[in-house]
Amino acid sequence: MRILHILGTRPNFVKMAPLIAAVSRRSPETDQLIVHTGQHYDRMMSEIFFDQLGVPAPDFMLEVGSGSHAQQTARVMERLEPLLVDNRPDLVVVPGDVNSTVAAALTAVKLGIPVAHLEAGLRSHDRTMPEEINRIITDQIADTLWVHSEEALRNLELEGIPKERASFVGNTMIDSLVALQERFRPLESCRQFSLEPGSYLLVTLHRPALVDGPLLFEAIAALNEVSTLMPVLFPVHPRTRARLAGNAELADNLHLVDPAGYLEFLSLEADAGAVLTDSGGIQEETTYLGIPCFTLRDNTERPVTIELGTNVLLGLDPARISEIPEIIAGQEKASGPVQDTAPEPPPLWDGHAADRIADQLAS
Ligand code: UD1
Ligand code: UDP
């Protein structure tokens, strides 16, 4: 069997690393080919994840780079098609919801090559998000749908997708976190920024709805205010860095830094007093770690993080950022220091999702 894996962006590397490793362990005879689309290309957005997660070097680099949605999607399709024709894989695996995902899925199905979608069935029900369009299309055309939470099964059913295509395997992003616990827990990366564990607000913001307009500057103003009560550490995504363009005024306790390596970022999350984000993956990781998470969006495609975890939807409203210190103080008063009170993770977020997929592929 020959499997071709599509990797393009930072969260893709984290989701796919355990699967590639599990297939190698379970079925060493399987020929696995790795395609890096090049949607993300800075060292801190790409190469460092291969190094830290032990992902083998890509067999093919498409080098599509940045561009409009149509440009990025079209470049992946054009450059992937000849490669699929030449290598004729038995299965193409696409993760998550980025442009590389939908582009690769479309290219493969039109060549009659079966597609498996990792992290299928998530829905924000917000079609202004490019990711929602990517998810809907990918799930409709993929042959195999690997799902990480029960609500995703219901979403697929509501869209008329036959039940037998989907299986509830668990969360491979959490597999990566679990596999690296012994490496990131002792790091205390916050000390590099002269911060004490438990004391600071960790921030990531990169969604177009927030960072491509004036809301970003409102968020910075609110973070300046919060930083007088608790220090704020903000590893800035390159999209956000480009939008800020050096135009924001920053208080002394608001630290804007480069994107962190994966191990360092997990350490910063685990030691944070709280996290403010609009990331999908970070809502999941904070749920697993039991760290209070505030999501600066009107919706989430990951409601399980709200039902079972520590995630609070603030809405797409930067003014609400200033409420965070008070909410955390209230939570700590009610249940003690956050690091001591990690709740049960959602079902099958147990570090073994990729093994379940590898077993399924083997049989
Ligand atoms: C993409 C995904 C988003 C995902 C995010 C993860 C789509 C539609 N969006 O958003 O779902 O949550 O990745 O991080 O696929 N840039 C660099 N260096 C890089 C990569 C990007 O400078 O290595 C800058 C460029 O200015 C680029 C911008 O970031 O134009 C946006 O990159 P792009 O990949 O188009 O979208 P993301 O915002 O990263
Ligand atoms: N991450 C990282 N360094 C950072 C920010 C995030 O390693 O500076 C990791 C994070 O731990 C998670 C993933 O990147 O595993 C989330 O990616 P991102 O927020 O870019 O994408 P999304 O999940 O929103 O699609």
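Described below are features of the structure shown in this document.

Looking now at the site of ligand 1. The environment of ligand 1 is made up of 18 residues, and the closest members are Q39, H40, Y41, N99 and E131. Within the backbone of Y41, one N or O atom sits 2.8 Å away from an oxygen atom of ligand 1.

Mapped onto the secondary structure, N171 falls in the loop between β7 (166-168) and α7 (172-179). Residues contacting N171, with those up to four places away along its chain left out, are H148, E284, L348, W349 and A353.

Moving on, we get to the packing of helix α12 (residues 262-270) against helix α13 (residues 280-289). The N-to-C vectors of α12 and α13 enclose an angle of 55 degrees; their axes lie 10 Å apart at closest approach. In this view, α12 runs oblique relative to α13, as classed from their interaxial angle. Of the two elements, α12 crosses α13, and the hand of that crossing is right-handed. Mapping the contact onto sequence places Y262, F265, L266, E269 and A270 in α12 and I282, E285, T286 and L289 in α13. The residue makeup of the contact of α12 with α13, split by class, is 6 nonpolar, 1 polar and 2 charged.

So, about the pairing of strand β6 (residues 144-147). In the sheet, strand β5 (residues 115-120) pairs with β6 via 4 bridges, with the strands oriented parallel. By the bridge assignment, L118 is partnered in β6 with W146. Note on the crossover from β5 through helix α5 (residues 130-141) to β6: the handedness is right-handed. Two elements, β6 and β7, share 3 bridges in a ladder whose sense is parallel. Each bridged residue has a counterpart across the sheet, and for V147 the counterpart in β7 is F168.

Strand order in the open sheet formed by 7 strands is β3-β2-β1-β4-β5-β6-β7, and the pairing between neighbours is parallel. Each edge of the sheet is formed by a strand with only one pairing partner; in this case those strands are β3 (60-61) and β7.

Moving on, we come to the site of ligand 2. Close to ligand 2 lie 18 residues; R207, A260, S279, G281 and E285 are nearest. The contact in question runs from a nitrogen atom of ligand 2 to an N or O atom on the backbone of A260, over 2.8 Å. One of the side-chain nitrogen or oxygen atoms of S279 is found 2.7 Å away from an oxygen atom of ligand 2. For ligand 2, the accessible surface in isolation is 530 Å², of which the surrounding protein chains cover 97%. Contributing elements (two or more residues each) for the shell around ligand 2: α1 (10-26), α12 and α13. Looking at the shell around ligand 2, its residues break down into 9 nonpolar, 5 polar and 4 charged.

What counts and what doesn't
- Every chain's residues receive numbers from 1 upward, in the order its sequence appears when written.
- Written order decides the labels, with chains lettered from A and ligands numbered from 1.
- The model is predicted, so local features are restricted to residues of pLDDT at least 70 and side-chain atom pairs to those at 80 or more, both for listing and for counting; the totals for chains, interfaces and linings are taken over all residues.
- To obtain the side-chain values, all non-hydrogen atoms of the structure were included, while hydrogens and water were left out.
- Any residue with a non-hydrogen atom lying within 4 Å of a molecule or strand is treated as near it.
- Polar contacts here mean pairs of N or O atoms no more than 3.5 Å apart (in protein, one a potential hydrogen donor and the other a potential acceptor; neighbouring residues in sequence count only if both atoms are side-chain atoms).
- Strands are runs of DSSP state E lasting at least 2 residues, helices are runs of H or I lasting at least 4, and numbering of each runs from the N terminus.
- Contacts are assigned to residue pairs that have any heavy atoms within 4.5 Å of one another.
- Axis lines are fitted to C-alpha atoms, over the contacting stretch for helices. Their N-to-C directions set the angle, which ranges from 0 to 180 degrees.
- Note that the term roughly parallel is reserved for angles under 35 degrees, roughly antiparallel for angles over 145, roughly perpendicular for angles of 65 to 115, and oblique for everything else.
- It is the rotation of the near helix from the far one that decides the hand of a crossing: anticlockwise by less than a right angle makes it left-handed, clockwise makes it right-handed.
- Throughout, the ten residues Ala, Val, Leu, Ile, Met, Phe, Trp, Tyr, Cys and Pro are labelled nonpolar, Asp, Glu, Lys and Arg are labelled charged, and all others, Gly among them, are labelled polar.
- Should DSSP find at least two bridges between two strands, the strands are regarded as paired.
- For crossovers, right-handed means that the path from the first strand over the helix to the second runs clockwise, given strands pointing away from the viewer.
- Here, Shrake-Rupley sampling with a 1.4 Å probe gives the accessible areas, and only protein chains in the shown set may cover a residue.

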